[in-house]
Amino acid sequence: MADNSNTEQTSRISEPTRKGSDAPDSDNRPPTNPPRSTSTVECNMMEYTDDQGVTHQIYLPKGTMQRAGRLFLEKNWEELGKFPAYEGQGYSDEDLVQTEEEVGQHVV
């Protein structure tokens, strides 16, 4: 008569353990329903080197990122110099931009 105790123990150990319904499948696929972000922020700091070789870090208040990028591409160092220096201002609740989301559908 064969001893099946090792086989039984091995099958118990090799069973995958799932933690919640969003746990990845055993083939390492990501969860099927990942959480969706409903808010984001624009970048509020820009670092650039001007035509004199001086590196600057400027603060970009909400809504000014695209203008600063355009000024950089135009090499308009004078206008970029009018932005306040970046001093670790960080983000506030007013900096959040809400994304649109409908029931069952994420709109970007």
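The structure displayed is predicted, hence computed values, not measured ones. (Residues numbered from 1 in each chain as written. Predicted model: local features only at pLDDT ≥ 70, side-chain atom pairs only at ≥ 80, totals over all residues. Heavy atoms only, no water.)

**Brief notes about the packing of aromatic side chains**
So, point 1. One pass over the structure, following the stated rule, counts two aromatic pairs.
So, point 2. Geometrically, the ring pair formed by Tyr-48 and Trp-77 is stacked, given 5.7 Å between the ring centres and 10 degrees between the ring planes. Of this pair, Tyr-48 sits in strand β2 (residues 45-49) while Trp-77 sits in helix α3 (residues 77-80), placing them 29 residues apart in sequence. The two residues Tyr-48 and Trp-77 agree in class, both being buried.
So, point 3. With centroids separated by 6.0 Å and ring planes inclined at 70 degrees, the aromatic side chains of Phe-72 and Trp-77 adopt a geometry described as edge-to-face. (Phe/Tyr/Trp six-rings, centres within 6.5 Å; stacked < 30°, edge-to-face > 60°. Helix = DSSP H or I, 4+ residues; strand = E, 2+ residues; numbered from the N terminus. Buried < 20%, exposed > 50% of the residue type's maximum accessible area, 1.4 Å probe, protein only.)

**Considering the nonpolar core**
So, point 1. Met-46, Tyr-48, Ile-58, Leu-60, Ala-68, Leu-71, Trp-77, Leu-80 and Phe-83 together form the largest nonpolar core, which totals nine residues.
So, point 2. Counting only elements with at least two residues in this core, the list comes to β2, α2 (65-73) and α3.
So, point 3. Those residues in contact with Leu-80, other than ones at most four positions away along the chain, are Tyr-48, Ile-58, Ala-68, Leu-71 and Phe-72. (Core = buried A, V, L, I, M, F, W, Y, C linked by side-chain atoms within 4.5 Å. Contact = heavy atoms within 4.5 Å.)

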